[in-house]
Amino acid sequence: TQVLRKSLQRGVVLSTGSFLVYEAHKLISGFAEVHASFKVEDVIEQADYLYGSGETEKLYRLLVQHKNSDDAELLWRLARSSRDLAQLGSTSAEEKRQLTYDSLEYAKKALEKNESNFAAHKWYGICLSDVGDYEGIKTKIGNAIVIKEHFQRAIELNPKDATTIHLIGIWCYSFAEMPWYQRKIAATLFATPPTSTFQEVHPLLKLFACLYAADPNFYSKNLLFLGKTYLKLNNKKMALLWLSKAKEYPAQTEEDKQV
């Protein structure tokens, strides 16, 4: 009887100990999940601060540590950061190429993790277009429909994102300006080749004039393409207005300097 009683007591102690260990594990796991959640938010907050400050290299170093993340918000920011680093004048041609392909992979992964993330669609379209610069005009034209679809999906998910609307305008501008030999390539790739005219581009870019009124520092390239489009429409007065604004734009990024 005493042996049985001791065995039972020992079993209760072990059961209690196992329960406490299990509860402790749950508590630690829960804390780890919350901690991980806060960590992602902290990284995103820091990343957005660095992006706003124009700290391209620091931003990339921060985000590339999270390239294996499952968080779409981190991944599309890494895609953008990789692309921005590729555009720096100090980046070698070999590094530029690698970063361009890396950025597409990060954007693709962001889409896989969250198809409803508008920024993932936007940056996938941008990065896919960039890769076309290395794979030739046939590939670039061949990807055109996919690129536009992702831009349109981004606008569906976030109709107020001015950058994506701008990108649709750039897409239309590119096809409106496409030379004859590229149109022939497009005709061999598509049953109905994608086309555009400057009359189609104009209403889209006209919206940017309103965006400019709301935020004069919206985007330097927006000002440039407003000017170029008005020039194509033979409105030299308006072209001069917007090209002057593009010229006077305070250059912060490499792209601003190119504009």
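Residues numbered from 1 in each chain as written. Predicted model: local features only at pLDDT ≥ 70, side-chain atom pairs only at ≥ 80, totals over all residues. Heavy atoms only, no water.

- By the naming in an unreviewed UniProt entry, the chain goes by Regulator of microtubule dynamics protein 1 and is assigned to Edolisoma coerulescens.
- A UniProt comment under Subunit (unreviewed entry) is attached to the chain, and it reads "Interacts with microtubules."
- Within the UniProt record for the chain, the comment given under Subcellular location (unreviewed entry) is "Cytoplasm, Cytoskeleton". (UniProt positions renumbered as here; feature names shortened; annotations may be inferred.)

## Focus: the nonpolar core
Point 1. The biggest cluster of nonpolar side chains holds 39 residues, and the ones touching the most others in it are Leu-63, Leu-104, Ala-110, Tyr-124, Phe-151 and Trp-171.
Point 2. Those elements giving two or more residues to this core turn out to be helix 1 (2-52), helix 2 (56-64), helix 3 (72-86), helix 4 (93-113), helix 5 (118-135), helix 7 (144-157) and helix 8 (162-176).
Point 3. With near-sequence residues (within four places) excluded, Ala-110 lies in contact with Ala-72, Leu-75, Trp-76 and Ala-120. (Core = buried A, V, L, I, M, F, W, Y, C linked by side-chain atoms within 4.5 Å. Buried < 20%, exposed > 50% of the residue type's maximum accessible area, 1.4 Å probe, protein only. Helix = DSSP H or I, 4+ residues; strand = E, 2+ residues; numbered from the N terminus. Contact = heavy atoms within 4.5 Å.)

## Considerations on the packing of aromatic side chains
Point 1. Scanning the entire structure with this criterion turns up one aromatic pair.
Point 2. With centroids separated by 6.1 Å and ring planes inclined at 45°, the aromatic side chains of Tyr-101 and Tyr-134 adopt a geometry described as tilted. Here Tyr-101 is found in helix 4, whereas its partner Tyr-134 is found in helix 5, with 33 residues between them in sequence.
Point 3. Under the relative-accessibility criterion, Tyr-134 is labelled partly exposed at 29%.
Point 4. Positioned over the ring face of Tyr-51 is Arg-80, at 3.5 Å from the centre of the ring.
Point 5. Geometry around Trp-242 places Lys-245 over its ring, the cationic atom sitting 6.0 Å from the centre. (Phe/Tyr/Trp six-rings, centres within 6.5 Å; stacked < 30°, edge-to-face > 60°. Lys NZ or Arg CZ within 6 Å of the ring centre and 35° of its normal.)

## Topic: helix 4
Point 1. Between its terminal C-alpha atoms helix 4 stretches 31 Å, which fits the 30 Å expected from 21 residues at 1.5 Å a residue.
Point 2. Regarding helix 4, the residues found buried are Leu-99, Thr-100, Asp-102, Ser-103, Leu-104, Tyr-106, Ala-107, Ala-110 and Leu-111.
Point 3. Lining the buried residues of helix 4 we find helix 2, helix 3, helix 5 and helix 7. (Expected span 1.5 Å × (residues − 1).)

## Describing helix 2
Point 1. Taken as a whole, helix 2 has its buried residues at Leu-59, Tyr-60, Leu-62 and Leu-63. All buried residues of helix 2 project into a common sector of 165° when viewed along the axis, lining one side. (Arc of directions from axis to C-beta.)

## Section: the packing of helix 11 (residues 220-232) against helix 12 (residues 236-248)
Point 1. In the contact formed by helix 11 and helix 12, the axes pass within 7 Å of each other and the chain directions differ by 160°. Comparing the axis directions of helix 11 and helix 12 gives the class roughly antiparallel. Pair helix 11 / helix 12 crosses with left-handed handedness. Residues Ser-220, Leu-223, Leu-224, Leu-226, Gly-227, Lys-228, Tyr-230 and Leu-231 of helix 11 touch helix 12, and the partners they reach there are Lys-236, Met-238, Ala-239, Trp-242, Leu-243, Lys-245 and Ala-246.
Point 2. Taken together, the residues of the contact of helix 11 with helix 12 break down into 10 nonpolar, two polar and three charged. (Axes fitted to C-alpha atoms, helices over the stretch in contact; angles between N-to-C directions. Parallel < 35°, antiparallel > 145°, perpendicular 65-115°, else oblique. Left-handed = near helix turned anticlockwise from the far one by under 90°. Nonpolar A, V, L, I, M, F, W, Y, C, P; charged D, E, K, R; others polar.)

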